[in-house]
Amino acid sequence: MTTPSRASWAEPYKIKMVEPLFMTTREQREKAITEAGFNTFLLRSEDVYIDLLTDSGTSAMSDRQWAGLMLGDEAYAGSRNYYRLEEVVQRCYGYKHFIPTHQGRGAENLISQVLIKPGDVIPGNMYFTTTKAHQELAGGTFVDVIVDEAHDSASCFPFKGNIDLAKLAAVIELHGAAKIPYVALATTVNMAGGQPISLENLRAVRALTKQHGIRIIHDMTRVAENAHMIQRLEAGHAHRPLRDIVLEICSLTDGATMSAKKDALVNIGGFLATNEESVFEEARNLVVIYEGLHTYGGLAGRDMAAMAIGIEESLDDDHMRARVGQVQYLGDKLIAAGIPVVRPIGTHGVFLDAKAFLPHLPQECFPAQALAAELYVEAGVRAMERGIVSAGRDAATGDHCRPALELVRLTIPRRVYTQAHMDVVAESVMRLHEARSTITGLTMVYEPTYLRFFQARFVRRPGA
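Analysis parameters
Residues numbered from 1 in each chain as written. Predicted model: local features only at pLDDT ≥ 70, side-chain atom pairs only at ≥ 80, totals over all residues. Heavy atoms only, no water. Helix = DSSP H or I, 4+ residues; strand = E, 2+ residues; numbered from the N terminus. Rg over C-alpha atoms; globule rule 2.2 N^0.38 Å. Buried < 20%, exposed > 50% of the residue type's maximum accessible area, 1.4 Å probe, protein only. Disulfide = S-S within 2.5 Å. Domains from an automatic or database assignment. Contact = heavy atoms within 4.5 Å. Buried area = accessible area lost by both parts, 1.4 Å probe. Salt bridge = Lys/Arg side-chain N within 4 Å of Asp/Glu carboxyl O. Pairing = 2+ DSSP bridges. Core = buried A, V, L, I, M, F, W, Y, C linked by side-chain atoms within 4.5 Å.

Participant: Give me the lowdown on the overall build of the protein chain, citing residues and values where you can.
Facilitator: Scanning the protein chain from terminus to terminus reveals 16 helices and 14 strands. A compact globule built from 464 residues would reach a C-alpha radius of gyration of about 23 Å, and the protein chain, at 22 Å, matches this within 12%. Taking the principal axes of its C-alpha atoms as reference, the protein chain extends roughly 60 × 60 × 50 Å. When the 464 residues of the protein chain are sorted by exposure, 58% land in the buried category.

Participant: Tell me about the state of the cysteines, residues and numbers included.
Facilitator: This model, assessed by the stated rule, comprises zero disulfides. With no disulfide partner, Cys401 has as its closest neighbouring cysteine sulfur the one in Cys365, 18 Å distant. When its relative accessible area of 23% is taken as the criterion, Cys401 is described as partly exposed.

Participant: An account of the domain arrangement of the protein chain is needed here, citing residue identities and associated values.
Facilitator: The assigned domain composition of the protein chain is domain 1 (6-55 + 317-460) and domain 2 (63-314). In this structure, domain 1 and domain 2 have C-alpha centres spaced 25 Å apart. Between domain 1 and domain 2, the residue contacts involve 34 residues of the former and 42 residues of the latter. Note on domain 1 versus domain 2: buried area summed over both sides is about 2,800 Å², and carbon and sulfur give 56% of it. There are five salt bridges connecting domain 1 and domain 2.

Participant: Go over the pairing of strand 7 (residues 255-259) with me, naming the residues and quoting the values.
Facilitator: Burial runs high along strand 7: five of the five residues are buried. By the alternation rule, side chains of strand 7 split into Gly255, Thr257 and Ser259 and Ala256 and Met258, which are all buried. Across three bridges, the pairing between strand 6 (residues 215-219) and strand 7 is parallel. From the neighbouring strand, Ile217 faces strand 7, where its bridge partner is Gly255. Sheet topology note: the strand 7/strand 8 (residues 270-274) ladder contains five bridges and is antiparallel. Counterpart to Met258 in the pairing with strand 8 is Phe271.

Participant: Give me the lowdown on the pattern of salt bridges, citing residues and values where you can.
Facilitator: Enumeration according to the criterion identifies 33 salt bridges in this entry. The partner of Asp73 in a salt bridge is Arg80, with the nearest N and O atoms 3.9 Å apart. Residue Asp73 is classed as buried on the basis of its relative accessible area of 18%. Residue Arg80 is classed as exposed on the basis of its relative accessible area of 52%.

Participant: So what about the nonpolar core? Which residues, and what values?
Facilitator: Judged by nonpolar contacts, the single largest core of 56 residues is most densely connected at Tyr93, Met220, Phe271, Met307 and Ile311. With six residues, the top contributor of residues to this core is helix 3 (residues 80-93). Once residues within four sequence positions are removed from consideration, Met307 is found in contact with Leu85, Ala260, Ala264, Val266, Gly269, Gly270, Phe271 and Leu299. Formed by 51 residues, the second largest nonpolar core is a distinct cluster that contains Ile50, Ala368, Ala372 and Leu410.

Okay, structure coming up:
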């Protein structure tokens, strides 16, 4: 008997526990966003109806992960959970050495301090905010070598995370391999819209860097999501298990930083991994200063237990099909309604093109920041800006950096919301699009020194 084909899909889990959601009035939301300085990061979560601010640490853990919490060994040194997590990282990702950290930016700090010297240059497939900040604090300069298609929201090129080999070769020629401590390679590329890199491109990048003796350091925060897109889109990989593709991706790099709050389905945690003994030894000494003893790295034993289980669950093909499928579902609804979004739809969120959504607002009026604020006022949906505010300022001129992409990220937490929630989000964005001409820009009235998008404050420009 053959299995009938299915026109629809369902999540590969059932709901065992629920958390109530409450909707505020428009007047309450107007007051809340004004008090938050029109920065969605500064809203209280209790004032949010559907929270799409980030997928970092916001996933729902499984029953196995919750059971794992009860098996936490909270010994200060030598916790059994550390050794279990080390074994899982080595088996699932293939790296020789492993150091836990409290989250991904802890690992970014360690690798930047160990490898970067003042004057160094770090090429990569588009910057990420915290990664770039740590590189700059260590005296380095990030250089974007991503393919041009990544900067075009309308391009449907399937692997916008790819590195442009000619650009990378030009950086090596200009600066010399000795000035390049590593190539920063992200799977997937967040700032481009959650876009994947192909295995073909990664293999070519590995061949080029090997010629020059340059490391590849892998931001593997969403590596399983990237592997899923390789399964779907790259010829010859459709029948390969997700975990095999992940292992190959990692084998083509020399080390990695990981925010386990994404793929690995935990609320806190991360790690640094490396194949180099000398890098491991130096980082292991530094982690004691910044994070904690090398066998806990700022984490409770129970959190390491949950992470080990979450890594295994993240490599399940059914889980990943449902996770990325929900993102695709929302993206398809918005595209069908004529909403300008980054194409193709990425893996962890749908990115609204604020420039096309609000063409009447110049970039210096912070259109993505304004759009995120107005979406909250409209429907209680919290999203976040990924544009001129996130890009920060040019270190030499002090002027705003003006990225080609001015985006609002609707980030989908894993195993948290239903498709009905996605329908509500889509309808809210559609209503806002109909009223887009009434949206005015913002003026920044407070700007912190570092990573300003987290804490900057704004006011509406006249005309609101």
